[in-house]
Structure formats: structure tokens, C-alpha cells
Amino acid sequence: MTTSMSFVVGVIAVLMLSHAAYSTIQYRALLKITEDEFSGPPFEVLVELTLVLILSLFAGLTVPGNFRSILPDSDENRVVSLPSNMNFMIFNHRGKAFPTETDLKLN
């Protein structure tokens, strides 16, 4: 299956999930009118949710495409190359917002 067809399967799965939610809301409203207890969604909604799960898994596994090799010796998947001069490398991260030393003493 092509990627675009898998994407369409994913969109159909999302639409079916929203339909299942809407059907459950309607079912609960009907139960309120008839003053019955809600014991769970109807069987049709459970079947629809199972189908949505299968379609979503299929679309999630086929839409991203082929897996790439992660061998360390492979030159084809080198995305980042470090500069040869390592003296000027600066790493900025959230850790610099915290104080470096804490004045906490344990008694």
C-alpha cells in the first residue's frame, strides 16, 4: 500500500473514532431519557473501537515509511557531523537557569 493510501486509512480511523464517541454520547442521552443505568457502551461501538485500533496501528506503522539503518559505521545515515575544532562548542540548556551551588545543610 502506498503512503497516501495509508494516510487515508489513518484519517478514516480518526473519523470512525469520533463517530464512536458521538454514538456513545447519544446512547447515554437515550439512557437518561428512559432512566436506565449506563453499564457500558453498546456492542456496536466496541466493535467500531476495535476496528479503529487495528486501522490506527496499520496507518501508524505504514505512514512514516521505511526504517533506516542505524549502524554506526554507515555513512548514509550521518545527519550531524561535529566540527573539527572542539574548543568553541557551547551547549545551552535549561540547566543554566538553576543555581550551581545549593546552601542546604542537613542537620
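Right, let's walk through the structure included here. (Residues numbered from 1 in each chain as written. Predicted model: local features only at pLDDT ≥ 70, side-chain atom pairs only at ≥ 80, totals over all residues. Heavy atoms only, no water.)

## Describing helix H1 (residues 3–34)
(1) Moving on: Taking 1.5 Å as the rise per residue, H1 with 32 residues should run 46 Å; its terminal C-alpha atoms sit 47 Å apart, in good agreement.
(2) Moving on: Of the residues making up H1, those classed as buried are Ser6, Val9, Gly10, Ala13, Met16, Ala20, Ser23, Thr24 and Leu31.
(3) Moving on: Packed against the buried residues of H1 are helix H2 (43–62).
(4) Moving on: Looking one or two residues beyond H1, the residue adopting positive phi is Glu35, at roughly 60 degrees. (Helix = DSSP H or I, 4+ residues; strand = E, 2+ residues; numbered from the N terminus. Expected span 1.5 Å × (residues − 1). Buried < 20%, exposed > 50% of the residue type's maximum accessible area, 1.4 Å probe, protein only. Contact = heavy atoms within 4.5 Å.)

## Here we look at the packing of aromatic side chains
Here a ring pair, both rings aromatic, is described through the centre-centre distance and the interplanar angle of the planes.
(1) Moving on: Scanning the entire structure with this criterion turns up one aromatic pair.
(2) Moving on: Just above the ring of Phe38 sits the side chain of Arg28; from NZ or CZ to the centre is 4.6 Å. (Phe/Tyr/Trp six-rings, centres within 6.5 Å; stacked < 30°, edge-to-face > 60°. Lys NZ or Arg CZ within 6 Å of the ring centre and 35° of its normal.)

## Looking at the environment of Pro64
(1) Moving on: Tracing the sequence through the fold places Pro64 in the segment after H2.
(2) Moving on: We classify Pro64 as exposed; its relative accessible area is 65%.
(3) Moving on: It is 9.5 Å that separates the C-alpha atoms of Pro64 and Phe7, two residues lying 57 residues apart in sequence.

## A word on H2
(1) Moving on: In this model, H2 (20 residues) spans 29 Å end to end at C-alpha, consistent with the 28 Å of a helix rising 1.5 Å per residue.
(2) Moving on: Among the residues making up H2, those that are buried are Val45, Glu48, Val52 and Ala59. Buried residues of H2, viewed axially, fall in a sector of 55 degrees; they line one side. Relative to its buried face, H2 has exposed residues pointing more than 90 degrees away, namely Phe43, Leu53, Ile54, Leu57 and Leu61.
(3) Moving on: Tucked inside the fold, the buried residues of H2 contact H1. (Arc of directions from axis to C-beta.)

## A word on the environment of Thr62
(1) Moving on: In this structure, Thr62 sits in helix H2.
(2) Moving on: According to the relative accessible area criterion, Thr62 is partly exposed, its value standing at 28%.
(3) Moving on: When the C-alpha positions of Thr62 and Ser4 are compared, they lie 9.8 Å apart, and in sequence the two are 58 residues distant.
(4) Moving on: Engagement of the side chain of Thr62 in a polar contact is seen with the backbone oxygen of Phe58, the distance being 2.8 Å. (Polar contact = N/O pair within 3.5 Å; in protein donor to acceptor, adjacent residues only side chain to side chain.)

## Considering the environment of Leu15
(1) Moving on: Within the secondary structure, Leu15 sits in helix H1.
(2) Moving on: Residues Leu15 and Val52 lie 37 residues apart in sequence; the distance between their C-alpha atoms is 9.1 Å.

## Overview of a nonpolar patch on the surface
(1) Moving on: A cluster of nonpolar side chains, Met5, Val8 and Ile12, forms an exposed patch at the surface whose accessible area comes to about 240 Å².
(2) Moving on: Inspection of the secondary structure assignment puts Met5 in helix H1. (Patch = residues over 30% accessible without salt bridge, like charges linked within 9 Å, V, L, I, M, F, W, Y side chains within 5 Å. Areas by Shrake-Rupley, 256 points an atom, 1.4 Å probe, with all protein chains shown as cover. Salt bridge = Lys/Arg side-chain N within 4 Å of Asp/Glu carboxyl O.)

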